[in-house]
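One-letter residues, chain by chain:
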Amino acid sequence: MLLAFDGRMQNDSGAGAATTAEADITQLLRELERRTRELQQSRSHFRDVIERNADAIVVVDRKGVIRFANDVAAALLRRQRADLTGTEFGFPVTAGETTELDLLHPDGVRVVEMRVVESEWEGEAAYIASLRDTTERRRAEEGARRLIREQAARSAAESAARRFRFQADAGTALSAQVDYAATVSTLASLCADEMADWVVIYAVDEHGKVRRVESAHCEPEHVETVRALRELPVPLDSGHPVLEVLRTRMPVLVTHADDDSADHGRASRLAHDDRHLEIIRRLGITSYLIVPLVARDRALGAIKLVSSRPDRRFNDDDLAWASDLASRAALALDNARLYQAAQEANHAKSDLLAVISHDLRTPLNAIIGYSELLSMGIPDPLTDAALVHVERVGKSAHHLLYLIDELSSFARIEAGSIAVKPQDVDVRALAQEVSTVMEPLAAERGLAFRVDLPLEPPVLHTDPDRLRQVLLNLTGNAVKYSQHGTIVLEVVPAADGGMVFHVRDNGIGISADHLAKIFDPFWQVDAQERTAIRGTGLGLSIVRRLVNMLAGEVSVESVVGEGSTFTVRLPGLGAERLGG
Ligand code: ADP
C-alpha cells in the first residue's frame with residue numbers, strides 16, 4: 001500500500017496533483033483506520049474466543065509472564081484473574097508440545113494436560129497455552145483398567161478354582177478305580193466333560209503296538225462317531241503325532257489345527273487315510289493337544305484332547321493342566337494294570353492249588369488205605385520192626401493229607417467257592433467234637449486238654465462246619481506249639497447274644513513283632529526251636545477268612561515262653577450278615 005502511494009507521488013505533478021494527493025491521503029487514512037478497527041475487532045474477537053473457551057487458556061509472553069488468563073484458567077489454577085496477569089506462569093512452555101502438569105491443590109493433585117501454540121498477543125509474540133483438567137478422565141480410565149484387571153483376575157481365579165476342583169475330583173474318581181477299563185473310561189469322560197470337545201485315549205500294548213482304547217465326545221450325537229474311530233489301528237509308520245509323543249515322552253500342542261496351510265497340514269497328520277480325515281473334519285478340529293501317560297518310567301499311552309470350537313484354542317495353561325492330569329491318570333492306570341495282573345496271578349495260583357490238592361489226594365488215600373491194611377496184617381502179619389515202619393508211613397501220609405486239606409481249603413476260600421450255611425448250633429456238642437479229636441493228639445504230646453463251657457447249654461446261629469474248622473485249627477496249633485501244660489477251649493456267651501471262644505495254651509508263645517503277620521497266608525515264624533511238625537503257614541489265614549465269613553473277628557495275645565490265647569468273637573444275630 002505504501003509502495004503504491006509512493007508510485008503515485010512520483011507520477012503526478014502540479015496543483016491538481018496536490019488535490020489528488022490530499023484525496024489519496026484521506027482515503028489511505030480511512031483505509032488505515034478501517035484496518036485498525038478491523039484489527040481491534042479481530043483481537044477482541046480472539047480475546048472473546050479465548051475468554052469463552054471451555055478449556056483454561058493462559059497467554060504467556062516470551063519471558064514466561066502471564067499476559068492473560070480466562071475464567072476457566074483462574075478456576076483451575078485457583079487464583080483470581082487479576083492476580084494472575086503479570087505473574088510468572090511457573091511452568092515451562094514449549095510451542096507445539098503437549099505436556100502433563102501436576103497441580104497441587106489442598107484437596108489433592110489435579111492432572112492437567114497442556115497444549116501450547118505460538119501466537120501473538122496485543123502485537124507481541126506470545127504463547128497460548130490451553131490447559132485441560134484430565135484428572136476425572138484419567139480416574140475413569142484407571143477405574144476401567146482396574147475393572148478389566150479385576151475381571152481378568154476374577155475369571156483367572158475362577159478358572160483356577162474350577163481346574164483345582166476338577167483335578168481334585170479327577171484324582172478321587174481315578175483313584176477309586178482298580179479296573180483298567182473303568183479307569184480309562186472315567187478318564188475319557190472326565191476330559192470330555194471339562195477340558196475338550198472330544199478325547200481319545202491311546203495305549204501301548206505288550207507288543208509295543210499303539211491302540212485307541214477309549215474315546216468320548218461331549219455331544220451325544222458324535223459319541224458313536226468317535227467310538228468308531230477306536231477300531232482304527234495306529235500304524236507305527238504313520239507319522240501320527242501320538243507316536244512322537246510316546247517316543248519323546250513330550251507333549252504336543254497345536255493351537256491352529258484348522259489352518260492346514262500355516263501349520264503344515266497338522267489336522268491331516270492325525271488321519272491315516274482320506275476316510276479318517278473326513279471323519280476328523282466332520283467332528284471339527286480347531287486345536288488339539290496330546291500328553292503322554294508315563295508311570296514308573298514306562299510310557300503307557302497318551303491322551304489326545306481336541307477342541308472343535310474356534311473360541312477354544314488350547315494354550316500353555318491347558319497343556320500344563322492336561323499334563324498334571326495325565327501324570328495322575330498314568331499312575332491310576334498303572335495301578336489298575338498291576339492290580340489286574342495280581343488278580344490274574346492270584347486266580348492262577350488258586351486254580352493250581354485246587355488242581356494239586358485234588359490230584360494228590362487220590363494217590364495219598366491209596367497209601368493210607370494200604371498202610372492200614374498192612375498194619376492190620378493183611379495180606380500177611382508184619383514183623384514188629386516192619387509194623388513200626390508201616391505206621392510211620394501211615395502217620396506221614398495222614399500229615400500230608402492234613403496239609404493238602406489245608407491247601408485245598410485255602411484255595412476254595414480264595415476262589416470264593418465256600419458257602420456259609422447258618423443254622424442253630426449246639427455249641428456244647430460242637431466243643432465236645434473238637435475235644436474228641438484233639439484230646440488224643442494233645443495226650444500224645446504229654447499235654448492236657450480241657451473244655452470250659454457255661455452252665456446253660458449255649459445255642460448259636462452260625463455255620464457249624466466253618467466254626468468246627470476254626471476251632472480245630474486253633475486247638476491244633478495250640479497242641480503243635482506247646483511242649484507242656486494244658487490246652488483250654490473256653491466258651492463264653494457275649495452280652496450281644498453272640499459267643500466268644502478262647503483257645504489258651506502254655507506253649508512257646510509268639511513275639512510281638514510277629515503277631516501282626518501270623519494271619520497272613522504262607523507266613524510262619526521261622527525259628528529252629530519251633531516244633532518239628534511243619535505246617536503250611538495257611539492255618540491262621542484260613543481261620544481269619546472263615547471267621548470273617550461268619551461275620552466275626554479273631555485276635556491274639558501272646559507272651560513268648562508263657563503261651564498264647566486266640567479269641568474268636570461271633571455275633572449272635574443276623575444270619576443275613578453271614579457269608580462275608
Ligand atoms: P502253620 O501251618 O505254620 O501252623 P499257621 O497259619 O497256623 O501256620 O500259623 C502261622 C504261624 O503262627 C506258625 O508258623 C507259628 O509260628 C505261629 N503260631 C500259630 N499258633 C501258635 C500258637 N498257639 N503258639 C505259638 N505260635 C503259634
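Residues numbered from 1 in each chain as written. Predicted model: local features only at pLDDT ≥ 70, side-chain atom pairs only at ≥ 80, totals over all residues. Heavy atoms only, no water.

Peer 1: In this structure, what is going on with the overall build of the chain? I would like to understand it.
Peer 2: Scanning the chain for helices and strands turns up 16 helices and 17 strands. Radius of gyration (C-alpha) of the chain: 52 Å, far over the 25 Å computed for a compact globule of 580 residues. For the chain, the proportion of its 580 residues judged to be buried stands at 40%. Here the contacts in the chain between residues at least 6 apart in sequence split such that 62% fall between residues at least 24 apart. Of the accessible surface of the chain, which amounts to about 32,200 Å², a share of 54% is contributed by carbon and sulfur atoms. If the 67 positive side-chain charges of the chain are averaged to one point and the 87 negative ones to another, these points end up 3 Å apart. (Helix = DSSP H or I, 4+ residues; strand = E, 2+ residues; numbered from the N terminus. Rg over C-alpha atoms; globule rule 2.2 N^0.38 Å. Buried < 20%, exposed > 50% of the residue type's maximum accessible area, 1.4 Å probe, protein only. Contact = heavy atoms within 4.5 Å. Areas by Shrake-Rupley, 256 points an atom, 1.4 Å probe, with all protein chains shown as cover. Lys, Arg positive; Asp, Glu negative; His and termini not counted. Charge placed at Lys NZ, Arg CZ, Asp CG, Glu CD.)

Peer 1: Honestly, helix H12 (residues 384-414) in this entry has me stumped. Any pointers?
Peer 2: Along an α-helix, a turn takes 3.6 residues, which lines up residues three or four apart on a common side. Helix length check: H12, at 31 residues, gives a terminal C-alpha distance of 45 Å against a target of 45 Å (1.5 Å per residue), a fit within 8%. Phi turns positive, to about 70 degrees, at Gly416, one or two residues after H12. (Expected span 1.5 Å × (residues − 1).)

Peer 1: How should the layout of surface pockets be read in this particular structure?
Peer 2: Estimates place the volume of the second largest pocket at around 350 Å³. Forming the walls of the second largest pocket are 16 residues, and the residues nearest its centre are Tyr180, Val204, Asp205, Glu206 and Arg337. Listing elements by their share of the lining of the second largest pocket, those giving two or more residues are helix H6 (180-194), strand S6 (198-204), strand S7 (210-217), strand S10 (298-307) and helix H11 (316-375). No other element matches H11, which puts six residues into the lining of the second largest pocket. (1 Å grid on protein atoms, 1.4 Å probe; cavity = no way out; pocket = protein on both sides within 12 Å on 5 of 7 lines; lining within 4 Å. Points joined across faces, edges and corners; volume = space filled by probe spheres on them.)

Peer 1: Just checking my understanding: could you explain the site of the ligand for this structure?
Peer 2: The environment of the ligand is formed by 20 residues, the closest being Asn477, Tyr481, Gln524, Gly537 and Leu540. In the model, an oxygen atom of the ligand is placed 2.8 Å from a nitrogen or oxygen of the Tyr481 side chain. Contacts to the ligand include Thr536, whose backbone N or O atom sits 2.9 Å from an oxygen atom. In the complex, 99% of the free accessible area of the ligand, which totals 530 Å², lies under the protein chains. Contributing elements (two or more residues each) for the shell around the ligand: helix H14 (464-480), helix H16 (539-549) and strand S17 (563-570). Per-class residue counts for the shell around the ligand are nine nonpolar, eight polar and three charged. (Near = heavy atom within 4 Å. Polar contact = N/O pair within 3.5 Å; in protein donor to acceptor, adjacent residues only side chain to side chain. Nonpolar A, V, L, I, M, F, W, Y, C, P; charged D, E, K, R; others polar.)

Peer 1: Just to check I follow, could you spell out the packing of aromatic side chains for this structure?
Peer 2: Geometry of an aromatic ring pair is reported as the spacing of the ring centres plus the angle between the planes. Following the criterion strictly, the structure yields four aromatic pairs and no others. Look at Phe68 and Trp121: their rings are 5.1 Å apart centre to centre, the planes differ by 35 degrees, and that puts the pair in the tilted class. Of the two residues, Phe68 is situated in strand S2 (residues 66-69) and Trp121 in strand S4 (residues 108-121); the sequence distance between them amounts to 53 residues. The same class applies to Phe68 as to Trp121, namely buried. On the basis of an interplanar angle of 75 degrees and a centroid distance of 6.4 Å, the ring pair of Phe519 and Phe566 is categorised as edge-to-face. Remark: Phe566 occurs in strand S17 and Phe519 occurs in the loop between helix H15 (512-515) and H16; sequence separation between them is 47 residues. Like Phe519, the residue Phe566 is buried in the burial classification. (Phe/Tyr/Trp six-rings, centres within 6.5 Å; stacked < 30°, edge-to-face > 60°.)

Peer 1: Would you mind showing me how to read unusual backbone geometry here?
Peer 2: Among all residues except glycine, the phi angle is most often negative; among peptide bonds, the trans geometry is most common. Note the cis peptide between Ile378 and Pro379, where omega equals 5 degrees. Checked against the element boundaries, Pro379 lands in the loop between H11 and H12. In this structure, Asp297 takes a positive phi of about 60 degrees despite not being glycine. Its location among the elements puts Asp297 in the loop between strand S9 (287-295) and S10. At Phe522, a residue that is not glycine, the phi angle is positive and equals roughly 65 degrees. Within the element layout of this structure, Phe522 appears in the loop between H15 and H16. Relative accessible area serves as the criterion here: at 42%, Phe522 is assigned to the partly exposed category.

Peer 1: What should I look at first to understand the sheet that holds strand S1 (residues 56-61) in this one?
Peer 2: Hydrogen bonding along the main chain pairs the strands of a sheet, whether they run parallel or antiparallel. Reading across from one edge, S2-S1-S5-S4-S3 is the order of the five strands in this open sheet, with antiparallel pairing throughout. Each having just a single partner strand, S2 and strand S3 (98-105) make up the two edges of the open sheet. Across the sheet, the mean angle from the axis of one strand to that of its neighbour is 30 degrees, orientation sign disregarded. Bridge count for S3 against S4 is eight bridges, and the pairing is antiparallel. In the strand pairing of S4, Asp102 is matched with Val111. Lying over the sheet, helix H5 (residues 135-175) contacts S3, S4 and strand S5 (124-133), oriented at roughly 130 degrees with respect to S4. (Pairing = 2+ DSSP bridges. Axes fitted to C-alpha atoms, helices over the stretch in contact; angles between N-to-C directions.)

Peer 1: Which parts of the structure should I look at to understand a nonpolar patch on the surface?
Peer 2: On the surface, Tyr370, Leu373, Met376 and Ile378 cluster together into a nonpolar patch covering about 440 Å² of accessible area. Relative to the helices and strands, Tyr370 is located in helix H11. Among the residues examined, Tyr370 registers a relative accessible area of 58% and is labelled exposed. (Patch = residues over 30% accessible without salt bridge, like charges linked within 9 Å, V, L, I, M, F, W, Y side chains within 5 Å. Salt bridge = Lys/Arg side-chain N within 4 Å of Asp/Glu carboxyl O.)

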